[in-house]
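# Structure assessment
So you can see what is in the structure, the chains are spelled out below.
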Amino acid sequence: MNTFAHDGTLPALPIPTLYSLCSSLPSLAAPLLDEDELAATLSALNDFVNPGGAGEILHQALLDYRDGLGGNASWLRPLWDDMYLNWRGPLPLEMNYFFRFETERLGRDEALPRLILGLARAAGQLGAARLEPESIRTGYQSMDQAQSMLYTRVPASGTDVLLSARLSGRQTIAVLCLGQCYIVPLHDETGGMLTGERLAVELREIRLHAATLPAAPGIAAMTAARREQAAGLRTALLACRRNRLNLAAIERALFMVCLDPAHGSDDELARALLAGPADNRWFDKSLQIIATENNGLGANFEHAGCDAGIWAWLLTKVESELLEQEEAVKKDEPGESGSPALAASASRPGFKHLDWDVSEAVREELHSLRGEFAAKADGIELACGNFPAFGREGLKSLRTSPDAFLQIAFQAAQYAVFGRLRSCYEAVSMRGYAEGRTECARSSTASALAFAKGMQQGEAPGKMGELYRMSERSHPNRLVRCQRGRGTERHIYGLQYTFQQHDPEPGLNEPPALFTDPGWKAI
């Protein structure tokens, strides 16, 4: 089946009504604000939605914009792209996110090359639209994001652009090790894809090669900079033909593989996946696979082009295929044909080391960037914890939602630390709609606040049970509201965007008070 066969049949993302905004915003704000703050927010909301007021004007303009798109095109898609690509801050720590992989299922020593090759095969299938589209209980999901999952975000003045990787033909990956950059072909001299054993040798040879070289200029550190600074550094590099060819090779590569030294603890691995040394990461790549010498494995993702949900879909497909292959191999007797290939790849490495022409001014700027990024990353408190007492199945046996349980726990922890709730959201997939991305479901409900207060006040177990059940029931209501296209945050963002992008209407020369209200910002 064509990967995108059902996208044209999905419903268009609705625009909630102003009445929906009136009913939802007060309940979102109340748990986070004191009485005076809440009164100010409600006053701003009332002014906004008054007949003939700013809300009606902007809402109608947003409806007209949507109608002009035609078909089932998403009104949010262009706004979303602008929101991300116009971001001028740095990507790491503020935009990018990470996964950690459990390597035991794929074999700890073989997991990295198997994952790389599995993703390469999946990329080829995506390029040919031959992957089965995702379907869940409620129906097929939008596969729009899958069209350009593998890309490089290229910094440019004002607005960045996304360049898609080469999915078919002779695929390559880019590799970073000790700040040195490499390109690795994934196909051998005959055009066939490398074996896992041969790719493993290539990666080991890269580690050995990088260790023999003088310190790298740290080109990758530019991807940790604020976007205008990154654009300036890229422009300086492009002045040299060699650098232009190097950057083009990295941008064509499917993804970046970052080879790190060993990390001794879960905390160290998590910090490496979140940040890592700036000169050994390429944060502009949509996917960076990060592998340590002691078999730690994870990934860091650029967020503009796609969300975590679509990556979870693809990675699950890749893992399932790899496990099926493993079962098939176990049924056959191992052959000896792999030995000559290993020997050949060891003596004739296929990787290419990228040399750069870097001016002293750019070299100094990159050096400063590495120090600034390291200091910023060190300022983040990060700790990994293992909770063996119970998990999802244990919670289900108590007839409670694992998701709601976790969200309520977040609220209780916030209140215990800060003495009040602070805004906390769960991303809700909107891929049931054409070109769908996400909506925000805020878990800071009035009942969650009552539960958190009860914990701190030492309420009796029976009372706490009642408060928990009330909070548990309120959370899915917010999820369902979002899933039905009646979320609040993307709607307000659409209204804000409409004000910013369209010629001011009479009486709308200044932003409505709701858009600058401290209560709305607290949400």
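Residues numbered from 1 in each chain as written. Predicted model: local features only at pLDDT ≥ 70, side-chain atom pairs only at ≥ 80, totals over all residues. Heavy atoms only, no water.

## Quick notes on the overall build of the protein chain
What counts here: Only DSSP runs of H or I covering at least 4 residues are called helices, and only runs of E covering at least 2 are called strands; the numbering of each starts at the N terminus. Here the radius of gyration uses the C-alpha set of atoms, whereas the globule reference equals 2.2 Å times the residue count to the power 0.38. Note on exposure labels: buried denotes an accessible area under 20% of the residue type's maximum, exposed denotes more than 50%, and partly exposed covers the range between, all computed with a 1.4 Å probe on protein chains only. Contacts between residues were defined by any pair of non-hydrogen atoms, one from each residue, lying within 4.5 Å. Think of it this way: Lys and Arg go in the positive column, Asp and Glu in the negative one, and His and the chain ends go nowhere. By convention, the point assigned to a charge is CZ for Arg, NZ for Lys, CD for Glu and CG for Asp.
Across its full length, the protein chain holds 19 helices and 13 strands. For 523 residues, the compact-globule estimate of 2.2 N^0.38 gives 24 Å, and the C-alpha radius of gyration of the protein chain, at 25 Å, lies within 12% of that figure. Each principal axis of the C-alpha atoms in the protein chain carries an extent, and together these give about 75 × 55 × 50 Å. Relative to its 523 residues, the protein chain shows a buried fraction of 50%. Taking as baseline every contact in the protein chain between residues at least 6 positions apart, the subset at least 24 positions apart corresponds to 77%. Charge-centre separation for the protein chain: the mean point of 52 positive side chains lies 3 Å from the mean point of 65 negative side chains.

## Details of the layout of surface pockets
Convention followed: For cavity detection a 1 Å grid was placed over the protein atoms alone, and a set of points counts as a cavity when a 1.4 Å probe fits there but cannot get out; an open set counts as a pocket when protein lies on both sides within 12 Å along at least five of seven lines, with lining residues being those that have an atom within 4 Å of a point. Grid points are joined across faces, edges and corners, and a volume is the space filled by probe spheres set on the points. Gly counts as polar in this scheme, as do all residues outside two lists: the nonpolar Ala, Val, Leu, Ile, Met, Phe, Trp, Tyr, Cys and Pro, and the charged Asp, Glu, Lys and Arg.
What the largest pocket holds in volume is close to 1300 Å³. Around the largest pocket, the lining comprises 40 residues; the ones closest to its centre are Ala427, Val428, Ser429, Arg437 and Thr438. At the level of elements, α4 (76–85), β3 (139–140), α10 (308–330), β12 (425–429), β13 (438–442), α16 (461–483) and α17 (489–501) are the ones that each hand at least two residues to the lining of the largest pocket. By residue class, the composition of the lining of the largest pocket is 20 nonpolar, 11 polar and 9 charged.

## Concerning the side chain of Arg153
The cut-off we apply is this: Two N or O atoms form a polar contact when they lie within 3.5 Å of each other; inside protein one atom must be a possible hydrogen donor and the other a possible acceptor, and for residues adjacent in sequence the pair counts only when both atoms belong to side chains.
In this fold, Arg153 is placed in strand β4 (residues 151–154). Reaching out from Arg153, the side chain makes a polar contact with the backbone oxygen of Tyr84 at a distance of 2.7 Å. Among the polar contacts made by the side chain of Arg153, one reaches the side chain of Glu302 at a distance of 2.9 Å.

## A short note on helix α9 (residues 266–274)
For an α-helix, 3.6 residues make a turn, and residues three or four places apart therefore share a direction. Every buried residue belonging to α9 is among Leu269, Ala270, Ala272, Leu273 and Leu274, and all of these are buried. Where α9 is buried, its residues touch β1 (97–100), β8 (256–260), β9 (287–292) and β10 (297–301). A positive phi of about 70° marks Gly276, the residue just after α9.

## Considerations on the nonpolar core
Rule in force here: We define a nonpolar core as any set of buried Ala, Val, Leu, Ile, Met, Phe, Trp, Tyr and Cys residues linked to one another through side-chain atoms lying within 4.5 Å.
In terms of nonpolar packing, the biggest core is built from 98 residues, with Phe48, Ile116, Phe255 and Ile289 touching the most fellow members. For this core, the element with the highest residue contribution is helix α5 (residues 111–127), accounting for 10 residues. Non-local contacts of Ile289, meaning those with residues more than four positions away in its chain, are made with Leu112, Leu115, Ile116, Leu119, Phe255, Met256, Val257, Cys258, Leu297, Gly298 and Ala299. Leu247, Ala249, Ile290 and Leu369 belong to the second-largest nonpolar core, a separate cluster that totals 34 residues.

## A few points about the confidence of the model for the protein chain
The test is simple: What pLDDT conveys is the predictor's confidence in a given residue, as a value from 0 to 100.
The share of residues in the protein chain with pLDDT of 70 or more is 94%, and the mean pLDDT across the chain is 91. Across residues 335–347 the pLDDT falls below 50, and counting only partners more than four positions away or on other chains, this stretch makes 9 contacts in the model.

## A look at unusual backbone geometry
A negative phi holds for most residues other than glycine; trans holds for most peptide bonds. A positive phi angle, near 75°, is found at Leu93, a position not held by glycine. With a phi close to 60°, Arg399 is a non-glycine residue in the positive phi region. With respect to the helices, strands and loops of the structure, Arg399 is situated in the loop between α13 (392–397) and α14 (402–418).

## Comments concerning the pairing of β12
What counts here: Strands were regarded as paired on the criterion that DSSP finds at least two bridges between them.
Alternating residues of β12 divide into Glu426 and Val428, all buried, and Tyr425, Ala427 and Ser429, none buried. Sheet topology places β12 next to β13; 5 bridges connect them, and they run antiparallel. Of the residues in β13, the one forming a bridge with Ala427 is Cys440.

## A few points about the pattern of salt bridges
Quick reminder of the rule: By salt bridge we mean one thing: a side-chain nitrogen of Lys or Arg within 4 Å of a carboxyl oxygen of Asp or Glu.
Using the criterion set out here, one finds 23 salt bridges in the structure. The salt bridge partner of Asp160 is Arg153, with a shortest N-O separation of 2.7 Å. Of the two residues, Asp160 and Arg153, both sit in the buried class. What you see here is one network of salt bridges that share partners, running through Arg88, Arg153, Asp160, Arg227, Glu228, Asp284 and Glu302.

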